[in-house]
Amino acid sequence: MHYKQVMLFITGKAVKLATLLIAVSILSFFLISYSPIDPVQLYIGADMTRVSPEQRENIAEYWGLHESKPQQFINWGKAVLHGDFGTSLLYRSPVADVIAERFLASLALMVVAWLLSGVVGFLLGIIAGMRQGTWADHVIKGFCFTLASTPAFWLALLFLMTFSVWLGWFPVGLGTPAGVLAEDVTWVERLRHLVLPALTLSIAGVANVALHTREKLIEVLASEYIRFAKAKGEHGFVLVWRHGLRNISIPAVSLHFASFGELFGGAVLAEQVFSYPGLGQAIVQAGLGGDVPLLLGIVLFSAVFVFVGNVMADLLYQLIDPRMRRSGVQ
Amino acid sequence: MNLISSTRNTPLLEVKNFSLTFHSDRKDRQEPLTQVIRQFDITIREGEIMAVVGASGSGKSLLADAILGILPENATCKGMLHYKGEPLTEKRRKHLCGDQIMLIPQSLNALDPLMKTGKQVQTVMKGKGKKDGQRAVFRKVGLPDHVSNQYPFELSGGMARRVLIATAMVSNAHFIIADEATPGIDPHALGEMVTFIKHLAMEGKGVMFITHDIETALQVADKVAVFYAGETVEIANVEDFSGTGETLRHPYTKALWNSLPQNGFVPLEGHQPLADEKGKGCAFQPRCQRATDICLQKQPESRIVKAGMVRCFHA
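Computed from a predicted structure; not experimentally measured. (Residues numbered from 1 in each chain as written. Chains lettered and ligands numbered in written order. Predicted model: local features only at pLDDT ≥ 70, side-chain atom pairs only at ≥ 80, totals over all residues. Heavy atoms only, no water.)

## Regarding a negative patch on the surface
Residue and element names in this part refer to chain A. Taken together, Glu54, Glu57, Glu61 and Glu67 make up a surface patch of like negative charges. On the secondary structure map, glutamate 61 appears in helix α3 (residues 53–63). Residue classification places glutamate 61 among the exposed residues on the basis of a relative accessible area of 52%. (Patch = residues over 30% accessible without salt bridge, like charges linked within 9 Å, V, L, I, M, F, W, Y side chains within 5 Å. Areas by Shrake-Rupley, 256 points an atom, 1.4 Å probe, with all protein chains shown as cover. Salt bridge = Lys/Arg side-chain N within 4 Å of Asp/Glu carboxyl O. Lys, Arg positive; Asp, Glu negative; His and termini not counted. Charge placed at Lys NZ, Arg CZ, Asp CG, Glu CD. Helix = DSSP H or I, 4+ residues; strand = E, 2+ residues; numbered from the N terminus. Buried < 20%, exposed > 50% of the residue type's maximum accessible area, 1.4 Å probe, protein only.)

## Digging into the pairing of strand β10 (residues 231–237) of chain B
Residue and element names in this part refer to chain B. Most of β10 sits out of view: 7 of its 7 residues are buried. Summarising the sheet, strand β9 (residues 223–228) and β10 pair through 6 bridges and their orientation is antiparallel. For lysine 223, the partnering residue across the bridge sits in β10 and is asparagine 237. Between β9 and β10, which follow one another and run antiparallel, lie 2 residues, and alanine 229 among them has a positive phi close to 50°. Bridge count for β10 against strand β12 (residues 308–310) is 2 bridges, and the pairing is antiparallel. (Pairing = 2+ DSSP bridges.)

## Quick notes on a nonpolar patch on the surface
Residue and element names in this part refer to chain A. Where nonpolar side chains cluster on the molecular surface, the patch consists of Phe153, Trp154, Leu157, Leu158, Met161, Val165, Trp166, Leu167, Trp169 and Leu269 and spans about 1,000 Å² of accessible area. Take the nonpolar patch: its biggest share by element is 7 residues, from helix α7 (residues 152–166). Assessed through its relative accessible area of 45%, tryptophan 154 is described here as partly exposed.

## Notes on the sheet that holds strand β6 (residues 101–104) of chain B
Residue and element names in this part refer to chain B. Ordered by their spatial adjacency, 8 strands build an open sheet running β6-β7-β8-β3-β9-β10-β12-β11, and the pairing between neighbours is mixed. Either end of the sheet is taken by a strand with one partner, and the two such strands are β6 and β11 (303–305). Between one strand and the next, the sheet's axes are offset by a mean angle of 25°, whatever the strand orientation. Together, β3 (49–54), β6, β7 (175–179), β8 (206–211) and β9 form the strand contacts of helix α2 (residues 60–68), whose direction differs from that of β7 by roughly 150°. In the packing of helix α7 (residues 187–202) onto the sheet, contacts are made with β3, β6, β7 and β8, and the angle to β3 comes to roughly 135°. (Axes fitted to C-alpha atoms, helices over the stretch in contact; angles between N-to-C directions. Contact = heavy atoms within 4.5 Å.)

## Some points on the confidence of the model for chain A
Interpreting fine coordinate detail is not advised for predicted regions of low pLDDT. The predicted model of chain A has a mean per-residue pLDDT of 82, with 94% of residues at 70 or higher. Averaged pLDDT values for the elements of chain A fall to 72 in helix α2 (residues 39–44) of chain A and rise to 90 in helix α6 (residues 135–148) of chain A. (pLDDT = per-residue confidence, 0-100.)

## A closer look at the layout of surface pockets
By volume, the largest pocket amounts to about 1,600 Å³. Lining the largest pocket are 47 residues, and of these Lys230 of chain A together with Ile70, Leu71, Pro72 and Glu73 of chain B sit closest to its centre. Of all the elements in the fold, those that place two or more residues in the lining of the largest pocket are α5 (95–130), α6, α8 (187–221), α9 (224–231) and α10 (236–258) of chain A together with α2, β4 (75–83) and α3 (90–96) of chain B. For the lining of the largest pocket, the element with the highest residue contribution is β4 of chain B, accounting for 6 residues. Considering only residue class, the lining of the largest pocket consists of 19 nonpolar, 12 polar and 16 charged. If you add up the space inside the second largest pocket, you get close to 860 Å³. In terms of lining, the second largest pocket is formed by 26 residues, of which the most central are Trp63, Leu65, Trp76, Val292 and Pro293 of chain A. (1 Å grid on protein atoms, 1.4 Å probe; cavity = no way out; pocket = protein on both sides within 12 Å on 5 of 7 lines; lining within 4 Å. Points joined across faces, edges and corners; volume = space filled by probe spheres on them. Nonpolar A, V, L, I, M, F, W, Y, C, P; charged D, E, K, R; others polar.)

## Some thoughts on the sheet that holds β4 of chain B
Ordered by their spatial adjacency, 4 strands build an open sheet running β2-β1-β4-β5 (chain B), and the pairing between neighbours is antiparallel. Both edges of this open sheet fall to β2 (33–44) and β5 (86–87) of chain B, since each of them pairs with a single strand only.

## Comments concerning empty space enclosed by the protein
All names here are of chain B. What the rule picks out here adds up to 2 cavities of 30 Å³ or more. Taken as a whole, the largest cavity encloses approximately 50 Å³ of empty space. His250, Pro251, Cys282, Phe284, Gln285, Cys288, Cys295, Cys312, Phe313 and His314 together form the lining of the largest cavity. Here the residues of the lining of the largest cavity sort into 7 nonpolar, 3 polar and no charged.

## Thoughts on the interface of chain B and chain A
Chain B puts 31 residues into the contact, and the matching count from chain A is 21 residues. Between chain B and chain A, roughly 2,200 Å² of surface is buried when both sides are summed, and carbon and sulfur atoms account for 62% of that area. Interface area lost by chain B to chain A is led by Ile70, Leu114 and Phe153 of chain B, which between them contribute 27%. At the boundary of chain B and chain A, one finds 2 salt bridges. Between arginine 227 of chain A and aspartate 65 of chain B there is a salt bridge whose closest N-O contact spans 2.5 Å. If you look at where chain B meets chain A, you find 6 residue pairs in polar contact (both at pLDDT 80 or more). For the side of chain B that touches chain A, the secondary-structure elements that each account for two or more residues are α2, β6 and α6 (157–170) of chain B. When its residues are assigned to classes, the side of chain B that touches chain A shows 16 nonpolar, 9 polar and 6 charged. (Buried area = accessible area lost by both parts, 1.4 Å probe. Polar contact = N/O pair within 3.5 Å; in protein donor to acceptor, adjacent residues only side chain to side chain.)

## What to know about the nonpolar core
If you look at the biggest cluster of nonpolar residues, it comprises 98 residues, and the most contacted ones within it are Leu13, Ile42, Ile104, Phe175, Ile177, Ile197 and Met208 of chain B. Top contributing element to this core by residue count: α6 of chain B, with 8 residues. Isoleucine 177 of chain B has contacts with Ala64, Ile67, Leu68, Met102, Leu103, Ile104, Met208 and Ile210 of chain B, leaving out every residue within four places of it along the chain. In terms of nonpolar packing, the next biggest core, distinct from the first, is built from 55 residues, Trp76, Ile283, Leu296 and Ala313 of chain A among them. (Core = buried A, V, L, I, M, F, W, Y, C linked by side-chain atoms within 4.5 Å.)

## Looking at the pattern of salt bridges
Taken as a whole and judged by the stated rule, the model has 20 salt bridges over all chains. For arginine 214 of chain A, the salt bridge is made with glutamate 215 of chain A, and the minimal N-O distance between the two is 3.4 Å. Exposure remark for arginine 214 of chain A: the relative accessible area of 8% places this residue in the buried category. Glutamate 48 of chain B is the partner of lysine 223 of chain B in a salt bridge, and the nearest nitrogen-oxygen pair spans 3.5 Å. Placement of lysine 223 of chain B in strand β9 and of glutamate 48 of chain B in the loop between β2 and β3 is noted, with a sequence separation of 175 residues between them.

## Some points on unusual backbone geometry
Look at serine 275 of chain A: it is not a glycine, yet its phi comes out positive at around 50°. Within the element layout of this structure, serine 275 of chain A appears in the loop between α11 (260–273) and α12 (279–289). At phenylalanine 265 of chain B, a residue that is not glycine, the phi angle is positive and equals roughly 60°. Secondary-structure assignment places phenylalanine 265 of chain B in the loop between α9 (251–258) and α10 (293–297).

Below, the structure is given as structure tokens:
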């Protein structure tokens, strides 16, 4: 019976992912196809004057630009289904390769930022909730409200000014030092380049997690089972550890895994400010430079990324909350 | 017999002239204080079940919180609160609560929704063999072994209540506070609860049984403390509740007894005074048929009448 449940879960999620991807690709394909980008002109670039109108017509013909929009979409969709995302015009290499390389760089950034914001936010939330109404609570709440209302890119600029320009602790930008061969770059150097972007990116998530955790902890602390636990002589951190942690982690987990979208969006800004060579920077370049295959590829990829985050939240729910796990099994 | 008589001198719980006050607002000291319990006296000995009976809003549950030291921050207690002959200080409570003093809570929500019931019961145990001990007690209260691995949402109300009772049984508590442990359950389940609680007393534990239901109180208890507007107006023996209540001492207790369907169903006019409605006289005086001038002027002191306590000038 357990096996059946798992199969049902996987099938359900697969169907959801498929429909999501279809919807996303249709929407983004038509948005891009109606944008004022002329793919032929972009492809030729500066050599425009040396290409005759007939040659341009041939290129358009070869790419199927004269066919109807739905037909173009079907052509593109077929290629994607065969694993061919096309060639990036800017990088002159297959889209899948570009995404893979850029994503790895972004992944380090996002993982560090995500873990940092989760842990810091959760801890701050617990402290504030346990000390509700005291100065510690007020300081943490004020800190969170300030963070929540601060644009990430502005914060990034502040960090740059303070830590890179004035104090000189960290490099101003890029993922590795300039003028050094890729194989000569040390881990320390990579880490130093990672610190400020990761810090910027983590800030956005902290406030959210902290405030929700605080709220939930206050609710839990007022509950009957905490009263009973206190009557049984439990207090302080033992009390929170035994009865609080599981109960308050549910909102934090769902929020934090569901925030993969914001994480990705934040990475775009952070990478832009710090010239960090990640996926976020690539999508900005693709958008500004009219690199349609790369743009579509990243859009699809990010949809999968966010979807994975939500599935993980669902799975963790089951792990944390027996009410979800056992509701089907009697 | 010898053992009992020697312990009779130091009661488990001794409360005298106890009062509980709330500040309406912590910052604004000008705000009037609200006294929810005043002149509260009670003595509970080992092996004794003392019912505390009072209408809802009389401050019964706060009494439990006060003993357990889990009152909100804006509450202040005054008066004598002794456990085994010594004051129940904050420091002593940390050792005693959950060990020697246990609560059987009213609400089934008192179980942690995300912890297996067996484990929850084991948290009050000490030393080795927790699992075996817990399972043994579960069997004693009629819970099958597999319940240990279940979560509270998988239990019926009756089973959850047994888990709460089991928590009290498994601990080596000497004093147990049952706070409205029997709200709205059917007669069969009630009978079972009464048996369990009597069983606890037979093991020599003292039980304070808080309830609004005088009939249940009479089924369980040896003595009944009647709570009115935050005061104990009478502590009577169970045998005193008979006939038309002529052996009862306080007019409120008599009125309670006679308002039961089988005893004439006589309603008592008026309502319990709110915390800010209390005058300087006897709290029951506005509803009392025997009230005289002195009842308006002075609060009656507690007296011993017919081997029971009463707080009335006319008893």
